[in-house]
Amino acid sequence: MRSALEHMALDSGSRKHRSRLVAELRAAVAEMESAVDDGDPAAFTRADMQFHSAFLRSSELRRIHDVWSQYQRTIENLLLVANLDHTDLKPAKIRHEQLATMIEAGNDAAALAELEDHLDASRRRVRRDYAGEPDDGNADDSSTTC
């Protein structure tokens, strides 16, 4: 569900408000960089949520925003707990930076594919961490956060 929300929001936001979306994504990546430098997984998680929330805000689609707001806090808490033991957040920051660059360049098809892969890897990691499911070998630890 989350992937579908972000896909719709990215599509709408990138068409209508690309410069605003890119500015918000870049600000979140800068916060991630600070969190990486400080070794602060909680700050990284908050920046990660700001990054992904930027899609919803830029879309200006009220129903998507309403659905996201119902789940945002739960997702943030799940990610926070999963990130507490993760010591190297730099690869995740780099993936977010690459996604922002794709969006800035107008490469929306690649951005949508990367976003889907990014969210799916995060979903697998959280399921593995919380449900004790075995690693299927597909979870990319560089995509630790959402």
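Relevant structure appears above.
The structure displayed is predicted, hence computed values, not measured ones. (Residues numbered from 1 in each chain as written. Predicted model: local features only at pLDDT ≥ 70, side-chain atom pairs only at ≥ 80, totals over all residues. Heavy atoms only, no water.)

When helices and strands are tallied, the protein shows five helices and zero strands. In sequence order, the secondary structure elements of the protein are arranged as α-α-α-α-α. Sequence-distant contacts in the protein: of pairs separated by 6 or more residues, those separated by 24 or more amount to 73%. When the accessible surface of the protein is summed, it comes to about 7,200 Å², and 50% of that surface belongs to carbon and sulfur atoms. (Helix = DSSP H or I, 4+ residues; strand = E, 2+ residues; numbered from the N terminus. Contact = heavy atoms within 4.5 Å. Areas by Shrake-Rupley, 256 points an atom, 1.4 Å probe, with all protein chains shown as cover.)

Mapping K93 onto the fold places it in helix α4 (residues 90-104). Setting aside its immediate chain neighbours within four residues, K93 contacts V29, M32, E33, V36 and F44.

This brings us to helix α3 (residues 62-83). An ideal rise of 1.5 Å per residue puts 32 Å on 22 residues; α3 measures up with 30 Å between its terminal C-alpha atoms. The sharpest bend along α3 comes to roughly 40°, located at Y71. Those residues of α3 not exposed but buried are I64, W68, I75, E76, L79, A82 and N83. (Expected span 1.5 Å × (residues − 1). Bend = angle between axes of the 7 residues up to and from the residue. Buried < 20%, exposed > 50% of the residue type's maximum accessible area, 1.4 Å probe, protein only.)

The next subject is the nonpolar core. With 29 residues, the main nonpolar core has L21, L25, F44, F51, F55, L99 and I103 as its most contacted residues. Elements represented by at least two residues in this core include exactly α1 (2-38), α2 (41-59), α3, α4 and α5 (108-131). For this core, the element with the most residues is α2, which contributes eight residues. (Core = buried A, V, L, I, M, F, W, Y, C linked by side-chain atoms within 4.5 Å.)

Residue placement: E76 occurs in helix α3. When its relative accessible area of 13% is taken as the criterion, E76 is described as buried. When residues no more than four places from it in sequence are discounted, the contact partners of E76 are T45, R46 and M49.

Counted by the stated rule, this structure contains twelve salt bridges. Residues E76 and R73 are paired through a salt bridge, measuring 3.4 Å at the closest nitrogen-oxygen approach. With E76 and R73 both in helix α3, this residue pair falls three residues apart, about one helical turn. In this structure, D117 engages R95 in a salt bridge whose closest nitrogen and oxygen atoms are separated by 2.8 Å. Here the residue D117 occupies a position in helix α5, and R95 occupies one in helix α4, the gap between them amounting to 22 residues. The exposure class of R95 is buried, given its relative accessible area of 8%. Among the charged side chains, a network of salt bridges with common partners joins R20, E24 and R57. (Salt bridge = Lys/Arg side-chain N within 4 Å of Asp/Glu carboxyl O.)

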